[in-house]
There are 2 protein chains.
Amino acid sequence: MSLKQISANKCWGGTQHVYSHAAQETACTMRFSLFLPPQAQNGNKVPVLYWLSGLTCTEENFTVKAGAQRVAAELGLAIVAPDTSPRGLGIPGEGDNFAFGLGAGFYLDATQAPWSKGYRMYSYVTRELPALIAAEFSAQIDTSRSGIFGHSMGGHGALVCALRNPAQYKSVSAFAPISSPTRSDWGRHALNNYLGADTAAWAEYDSSLLLQAQGWAGPAILVDQGDKDQFINQLQPETLREAASAAGVALTLRLQPGYDHSYFFVQSFIADHLRHHAQHL
Amino acid sequence: MSLKQISANKCWGGTQHVYSHAAQETACTMRFSLFLPPQAQNGNKVPVLYWLSGLTCTEENFTVKAGAQRVAAELGLAIVAPDTSPRGLGIPGEGDNFAFGLGAGFYLDATQAPWSKGYRMYSYVTRELPALIAAEFSAQIDTSRSGIFGHSMGGHGALVCALRNPAQYKSVSAFAPISSPTRSDWGRHALNNYLGADTAAWAEYDSSLLLQAQGWAGPAILVDQGDKDQFINQLQPETLREAASAAGVALTLRLQPGYDHSYFFVQSFIADHLRHHAQHL
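Our next topic: the state of the cysteines. Working definition of a disulfide: a covalent bond connecting the sulfur atoms of two cysteines. With the rule as written, the count across this model stands at zero disulfides over all chains. Looking at the unpaired Cys28 of chain A, the closest cysteine sulfur is the one in Cys57 of chain A, lying at 17 Å. Since its relative accessible area comes to 10%, Cys28 of chain A is described here as buried. The closest cysteine sulfur to the non-disulfide-bonded Cys161 of chain B is located on Cys57 of chain B, 16 Å from its own sulfur.

Set out below in structure tokens:
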């Protein structure tokens, strides 16, 4: 699990890092970014937020576009942003579809060959990466205070990771999440190929179904959704709202007028999410 | 001068646009980004800031990385960010050197063939683009209130444009500018190729020489410079300090400890620059 530092840039008084490491779950070298705020010094430990990105993204998109460092530096939050799939496995066709394969790991553990070899982003994000952070940054980060958030496919991922691991993540939020992959074209294509045709296995990766089945005892789930989002048919925020209502879970779903699916939307509301998490970490 | 809208994204209550147009000075299609803050509505006109980017950049880098929209929306500032060179002229070798040719127009008007055909970024930035903005956005922008700023090669460009056109730009600032191109390797290579071996012509594009020769009657010039900048030998902030001192011009040159040359540095201090300009616009 040895880390290699790719870059380190001072930013808002903290440091924005990019690291790579040989990952077991994904059977390849993975990259992630880590922002350490100025408070993470001299033995002072800070909470950590995991950000999961959307389709086509790497660890870079959030890191350079979201403008999160300003508020993370103010609040004293570390932020870890991993890549969105394994890269370099050389599986035929893995780069052919922007919504499946490279850049589209969907934060699940594939069970179908050939994807089962390394498309195990669920275990990578919820187990291997947190263990690496705990081992390598024990002097800067208090991993008992972790939250998770994300955008689009990564909003789906954040919700699924939190709902399935409520003891691990104290707070969860999302921007324009794919709210029910079992009911979206992107999701159904990915689930079918990664998990097989038996739809019973799909429910473990559908945040609306998980929410309805088991609820969420943590703080209110914050979700922002632009009402001019060009992918709204894939996202279906109403399914999440209905599931939360049925489960009696507090969901703050904010429809933001005029906003689309881009990081220009994300940067406009990222501060609210960071403050929401900081309250509970 | 007809404009084509490439994209429009709501951001911090305003709109981040990218446009293209057929430019005469550069003899090709040029792109620029334009942020219009929420105040630029219903006949209410706002001041405008021009941002000039550094080597290798397009109009995109500042637009997605600098985090300027947040404060521009608060202050009611429009921001125009052009590309850094003509593109598509097909001049042999124009893409061979990151510090010359494509992405490296140096905000000058080349006099030497073949570059004189379209490498005329000085006239493009100071004449053609402002005229286009005035013609197309007269309902949103008060072009009598213009300021200019930039980064690295674009910091050089901003200083040169302002110093040579003090009636046009009411305020100027820079991040890590190439303070004296006639004394930097990047600058000397570019000036020699664009303007010829006669160094007398070079002084018109050297902000330290311009400042010393003619001063600046506008508000204090704000410059931020990281003290861990990997390109400090090309930037030479002390030449600008000495020129300002000799000319009796107020220069606020801030050495920012630990910061490098990246947009992580720029985003950390962009708000100070926007507030500085807004005071004088």
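Read on for the rest.
Here we come to the sheet that holds strand β4 (residues 46-52) of chain B. The strand order across the open sheet built from nine strands is β1-β2-β3-β5-β4-β6-β7-β8-β9 (chain B), with neighbouring strands paired in mixed fashion. The open sheet has two edge strands with one neighbour each: β1 (3-11) and β9 (251-256) of chain B. Within the sheet, the average angular offset between the axes of one strand and its neighbour, ignoring direction, is 20°. In terms of strand pairing, β4 of chain B meets strand β6 (residues 141-151) of chain B through six bridges, oriented parallel. Residue pairing for β6 of chain B: Val46 of chain B is matched across the bridge by Ile141 of chain B. The strands touched by helix α9 (residues 263-280) of chain A within the sheet are β1 and β2 (14-23) of chain B, with β1 of chain B carrying the most contacts at an inclination of about 30°. The strands that helix α9 (residues 263-280) of chain B touches are β4, β5 (78-82), β6, β7 (171-175), β8 (221-226) and β9 of chain B; relative to β7 of chain B, the one it contacts most, it runs at about 170°.

It is worth spelling out the pattern of salt bridges at this point. Per the stated rule, a full pass over the model turns up 18 salt bridges over all chains. One salt bridge in this structure joins Arg164 of chain A and Glu204 of chain A, with 3.6 Å as the shortest N-O distance. On the criterion of sequence distance, the pair formed by Arg164 of chain A in helix α4 (residues 153-164) and Glu204 of chain A in the loop between α5 (185-195) and α6 (207-214) is long-range, its members being 40 residues apart. Under the relative-accessibility criterion, Glu204 of chain A is labelled partly exposed at 39%. Ionic pairing is found between Asp272 of chain B and Arg254 of chain B, a salt bridge with its closest N-O pair at 2.8 Å. Linking Asp272 of chain B in helix α9 with Arg254 of chain B in strand β9, this pair joins segments that are 18 residues apart in sequence.

Moving on, we get to empty space enclosed by the protein. Scanning the model with the defined rule gives three cavities of 30 Å³ or more in all. The calculated volume of the largest cavity comes to roughly 160 Å³. As for the largest cavity, its lining consists of 18 residues, of which Gly67 and Gln267 of chain A together with Gly67, Arg70 and Gln267 of chain B are closest to the centre. Looking at the lining of the largest cavity, the elements that each hand over two or more residues are α1 (60-65) and α9 of chain A together with α1 (59-65), α2 (69-75) and α9 of chain B. No other element matches the three residues that α1 of chain B contributes to the lining of the largest cavity. Broken down by class, the residue content of the lining of the largest cavity amounts to eight nonpolar, six polar and four charged. There is about 40 Å³ of room inside the second largest cavity. As for the second largest cavity, its lining consists of Gln16, Ser33, Phe35, Phe62, Thr63, Ala68, Gln69 and Ile79 of chain A. Its residues assigned to classes, the lining of the second largest cavity shows four nonpolar, four polar and no charged.

Let us now look at the environment of Ala135 of chain A. With respect to the helices and strands, the residue Ala135 of chain A is situated in helix α3 (residues 121-136). Along the backbone, Ala135 of chain A and Leu210 of chain A are 75 residues apart, and their C-alpha atoms lie at a distance of 30 Å.

A few words on the packing of aromatic side chains. One pass over the full model with this rule turns up 40 aromatic pairs over all chains. The side chain of Arg164 of chain A reaches across the aromatic face of Tyr122 of chain A, ending 4.2 Å from its centre. Taking the ring centre of Tyr205 of chain B as reference, the NZ or CZ of Arg164 of chain B above it sits at 4.9 Å.

Moving on: the environment of Leu77 of chain B. All names here are of chain B. Position of Leu77 relative to the elements: it lies in the loop between α2 and β5. Sequence separation between Leu77 and Ala278 is 201 residues; the distance between their C-alpha atoms is 7.4 Å. Sequence-distant contacts of Leu77, defined by excluding residues within four places in its chain, comprise Phe35, Pro37, Pro47, Leu49, Ala72, Leu274, Ala278 and Leu281.

A separate point is the relation of the copies chain A and chain B. Structural alignment of chain A on chain B gives an RMSD of 0.0 Å, achieved by rotating through 180° and translating 0.0 Å along the axis. What the rotation and shift describe, once combined, is the action of a two-fold rotation axis. Closest approach to the rotation axis within chain A is made by the C-alpha atom of Lys65 of chain A, at a distance of 2.7 Å. Interface residue correspondence from chain A to chain B reaches 100%, placing this contact among same-surface, isologous pairings.

Another aspect to go through is the sheet that holds strand β5 (residues 78-82) of chain A. All names here are of chain A. In spatial order, the strands read β1-β2-β3-β5-β4-β6-β7-β8-β9; together these nine strands make up an open sheet with mixed pairing. Every interior strand has two partners, whereas the edge strands, β1 (3-11) and β9 (251-256), have only one. Strand-to-strand twist in this sheet, taken as the mean axis angle between neighbours without regard to direction, amounts to 20°. Packing of α4 onto the sheet brings it into contact with β4 (46-52), β6 (141-151), β7 (171-175) and β8 (221-226), and relative to β6 it is tilted by some 140°.

Now for the pairing of β8 of chain B. Residues and elements named next belong to chain B. Of all six residues making up β8, six are buried, and the element is well covered by its neighbours. Neither face of β8 is left uncovered, since the one carrying Ile221, Val223 and Gln225 and the one carrying Leu222, Asp224 and Gly226 both have all their residues buried. Where β7 and β8 come together, three bridges link them in parallel fashion. Counterpart to Phe175 in the pairing with β8 is Asp224. Of the pairings in the sheet, the one linking β8 to β9 comprises six bridges and is parallel in character. Bridge assignment links Gln225 to a residue of β9, and that residue is Leu255.

At the junction of the two partners, chain A supplies 21 residues and chain B supplies 21 residues. At the boundary of chain A with chain B, total buried surface from both sides reaches about 1900 Å², with 50% on carbon and sulfur atoms. Considering only the side of chain A, the residues that lose the most area to chain B are Lys10, Trp12 and Phe264 of chain A, jointly responsible for 34% of the buried surface there. The tally of links from chain A across to chain B stands at twelve residue pairs in polar contact (both at pLDDT 80 or more). If you list the elements that add at least two residues to the side of chain A that touches chain B, you get β1, α1, α2 (69-75) and α9 of chain A. Of the residues belonging to the side of chain A that touches chain B, the class tally is eight nonpolar, nine polar and four charged.

Parameters at a glance
Residues numbered from 1 in each chain as written. Chains lettered and ligands numbered in written order. Predicted model: local features only at pLDDT ≥ 70, side-chain atom pairs only at ≥ 80, totals over all residues. Heavy atoms only, no water. Disulfide = S-S within 2.5 Å. Buried < 20%, exposed > 50% of the residue type's maximum accessible area, 1.4 Å probe, protein only. Pairing = 2+ DSSP bridges. Helix = DSSP H or I, 4+ residues; strand = E, 2+ residues; numbered from the N terminus. Axes fitted to C-alpha atoms, helices over the stretch in contact; angles between N-to-C directions. Contact = heavy atoms within 4.5 Å. Salt bridge = Lys/Arg side-chain N within 4 Å of Asp/Glu carboxyl O. 1 Å grid on protein atoms, 1.4 Å probe; cavity = no way out; pocket = protein on both sides within 12 Å on 5 of 7 lines; lining within 4 Å. Points joined across faces, edges and corners; volume = space filled by probe spheres on them. Nonpolar A, V, L, I, M, F, W, Y, C, P; charged D, E, K, R; others polar. Phe/Tyr/Trp six-rings, centres within 6.5 Å; stacked < 30°, edge-to-face > 60°. Lys NZ or Arg CZ within 6 Å of the ring centre and 35° of its normal. Least-squares fit on C-alpha atoms with pLDDT ≥ 70 in both. Buried area = accessible area lost by both parts, 1.4 Å probe. Polar contact = N/O pair within 3.5 Å; in protein donor to acceptor, adjacent residues only side chain to side chain.

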